[in-house]
Amino acid sequence: MRYKAPKGTQDLIFDRAGAWLEFVARANEVFSAYGYEPIQTPIFESTELFTRSVGETSDVASKELFSVRSMGAMQAMREGATLKGDQVLSLRPEGTAGVVRAIAEHVLVPQGAAPAKLWYAGPMFRAERPQKGRYREFRQVGVECLGATEPIADAEMIIMCMRFFAALGIPAEQMTLLINSMGDESCRPAYTQAVRDYEAEHADELCDECKRRIDANPLRSFDCKNETCKRVMDDAPRFSDYLCESCSDRFEQVKSCLDAAGIPYVEDSRLVRGFDYYTGTVFEVQVTAGLGTQTAIGGGGHYDKLMGEISGKDLPGLGFAVGFERILLVLEELGIELAPESRPFVYVALADAALAEDAFAIVQALRDAGIAAQMDMQGRSLKSQFKVAGKTRAAYVLVIGPDELASGTCTARNMNTHEETPVSLDTIAEDMARLL
Ligand code: AMP
């Protein structure tokens, strides 16, 4: 085979493509109940938007962006031209930056307005080393709320995320909700410095990658999968000891809202999420079933400065994203199917190939009435049309032959019960609607 799906990508075929549609439908159901509206932003944006928002030293910005160039721009570059800022584009590695950019561009939260509450669904792209549960193209649904200031908004966001997992059918006992506060500009610098100092003391025990980022991004080592680094970081200073009073109060209020809502959680002071924009509450949901080393199925948090980075005007925000492919792996492992209910359809079988146009008219009449219908397009025998109808799980088969056309009636055969009901060709759509 000459062409294959690129490394780290996968085709979603049949049930898996159906599962994606169902995943999005359930997201819509849950998020709209909280007042969220859908948004679709471009799949590529200016590279700078991503590097500024997720942080230049983050893995995503420093090595995982896929850049996008038109052939014309490539040619111009070869001829020595320098690309303008708006020609330097990348595929989106996550959804938040694009949504926040759109909120700023369309002034969706003018002074004094209610928060903008938006949800999105679509593919994201990161040039990672592919492994189980980690791909180069993967799908997420996510939500962003811009303009809400109170800690209750953090709690609501976490509760909505857990509700979405419940709506997908993941049993509560399979999930662990981890929460932490990453502080703000008044307490984070001192904490970051304390971790930097600690890592500098233990530099000879850290992996090369962790060693390299001690200066620029010491907090990333909390995420390192290397066993020795994990052990070293277990004894690193804890954020909870460095939070300023306002961050600490806010975190306490978030926790008491979660307690009141009966949502169990584990405080994990080593939880630092991969993007620099987070401040204050962060959370992640982990499961063990089906995922190997990639245990996070979703996560998010609060961000104070991202809107300011993008538009020059601060506006607090919060959001989370949930990865579809990992959810599928978990559900498959747990034997839970995420499939939309398949729509019952009628198969119109031809007893005589010369009557194809008459059968075609019946199929159209059924579809005009909103009934799903199919017919043979390969000149098959009646027997093999019945086989196809059985295999494709038709609910009913209508056999159309010269006698049926002459008498104006045909029989509808229920493919489950094999019961046969006479139906009139004049009122076929109404009759079939009644039977289905
Ligand atoms: P993040 O945007 O990194 O906070 O990730 C949010 C969620 O997206 C994760 O919990 C995963 O479920 C999913 N995710 C992130 N990166 C990948 C990837 N490379 N492949 C598959 N799913 C991913």
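Everything in this summary refers to the structure shown in the same document. Note that the coordinates shown come from a computational prediction; the quantities given were computed from them, not determined experimentally.

### Concerning the pairing of strand E5 (residues 116–125)
Inference 1: A large share of E5 lies buried, amounting to nine of its 10 residues.
Inference 2: Pairing analysis gives two bridges linking strand E1 (residues 37–38) to E5, with the strands arranged parallel. When the bridges of E5 are listed, Pro-38 appears paired with Trp-119.

### A few points about the pairing of strand E16 (residues 420–424)
Inference 1: Across five bridges, strand E15 (residues 409–414) lies against E16 in antiparallel orientation. Bridge assignment links Cys-410 to a residue of E16, and that residue is Val-423.
Inference 2: A loop of five residues connects E15 with E16, the two strands running antiparallel in sequence, and His-418 in this loop sits at a positive phi of about 65 degrees.

### Quick notes on the packing of helix H2 (residues 47–54) against helix H5 (residues 96–105)
Inference 1: Orientation of H2 relative to H5, taken along the N-to-C sense of each, is 105 degrees, at an axis distance of 9 Å. The orientation of H2 with respect to H5, classified from their angle, is roughly perpendicular. Here Leu-49, Phe-50 and Ser-53 of H2 come into contact with H5, specifically with Ala-97, Gly-98 and Arg-101.
Inference 2: For the contact of H2 with H5, a count of residues per class yields three nonpolar, two polar and one charged.

### Considering the side chain of Lys-255
Inference 1: Locating Lys-255 in the fold gives a position in helix H10 (residues 245–260).
Inference 2: Within the local environment of Lys-255, its side chain forms a polar contact with the side chain of Glu-252, the two groups lying 3.0 Å apart.
Inference 3: Setting aside chain neighbours within four positions, we find Lys-255 in contact with Ile-179, Tyr-265 and Glu-267.

### Side note on the sheet that holds strand E13 (residues 372–375)
Inference 1: Ordered by their spatial adjacency, five strands build an open sheet running E13-E12-E14-E15-E16, and the pairing between neighbours is mixed. Looking at the sheet topology across the chains shown, the edges are occupied by E13 and E16. Strand-to-strand twist across the sheet, computed as the mean angle between neighbouring axes with direction ignored, equals 30 degrees.
Inference 2: Here strand E14 (residues 396–400) runs beside E15; their pairing, made up of three bridges, is antiparallel. When the sheet's bridge partners are listed, Leu-398 is paired in E15 with Ala-412.
Inference 3: Sitting on the sheet, helix H14 (residues 382–391) touches strand E12 (345–350), E14 and E15, and the angle it makes with E12 is about 170 degrees.
Inference 4: Across the face of the sheet, helix H16 (residues 428–435) comes into contact with E12, E14, E15 and E16 while running at roughly 150 degrees to E16.

### Looking at the state of the cysteines
Inference 1: On inspection of all chains with the given rule, the structure shows zero disulfides.
Inference 2: No disulfide involves Cys-145; its sulfur sits 14 Å from that of Cys-257, the nearest cysteine.
Inference 3: For Cys-229, which is in no disulfide, the shortest distance to another cysteine sulfur is to Cys-207 and amounts to 3.7 Å.
Inference 4: According to the relative accessible area criterion, Cys-229 is buried, its value standing at 0%.

### Regarding the site of the ligand
Inference 1: Inspection of the region around the ligand gives 15 residues, with Arg-126, Glu-128, Tyr-135, Gln-140 and Arg-273 positioned closest.
Inference 2: One of the side-chain N or O atoms of Arg-126 is found 2.8 Å from an oxygen atom in the ligand.
Inference 3: Elements supplying a minimum of two residues to the shell around the ligand: strand E6 (137–146), strand E10 (296–303) and strand E11 (317–323).
Inference 4: By residue class, the composition of the shell around the ligand is six nonpolar, four polar and five charged.

What counts, and where the lines are drawn
- Residues numbered from 1 in each chain as written.
- Predicted model: local features only at pLDDT ≥ 70, side-chain atom pairs only at ≥ 80, totals over all residues.
- Heavy atoms only, no water.
- Buried < 20%, exposed > 50% of the residue type's maximum accessible area, 1.4 Å probe, protein only.
- Helix = DSSP H or I, 4+ residues; strand = E, 2+ residues; numbered from the N terminus.
- Pairing = 2+ DSSP bridges.
- Axes fitted to C-alpha atoms, helices over the stretch in contact; angles between N-to-C directions.
- Parallel < 35°, antiparallel > 145°, perpendicular 65-115°, else oblique.
- Contact = heavy atoms within 4.5 Å.
- Nonpolar A, V, L, I, M, F, W, Y, C, P; charged D, E, K, R; others polar.
- Polar contact = N/O pair within 3.5 Å; in protein donor to acceptor, adjacent residues only side chain to side chain.
- Disulfide = S-S within 2.5 Å.
- Near = heavy atom within 4 Å.

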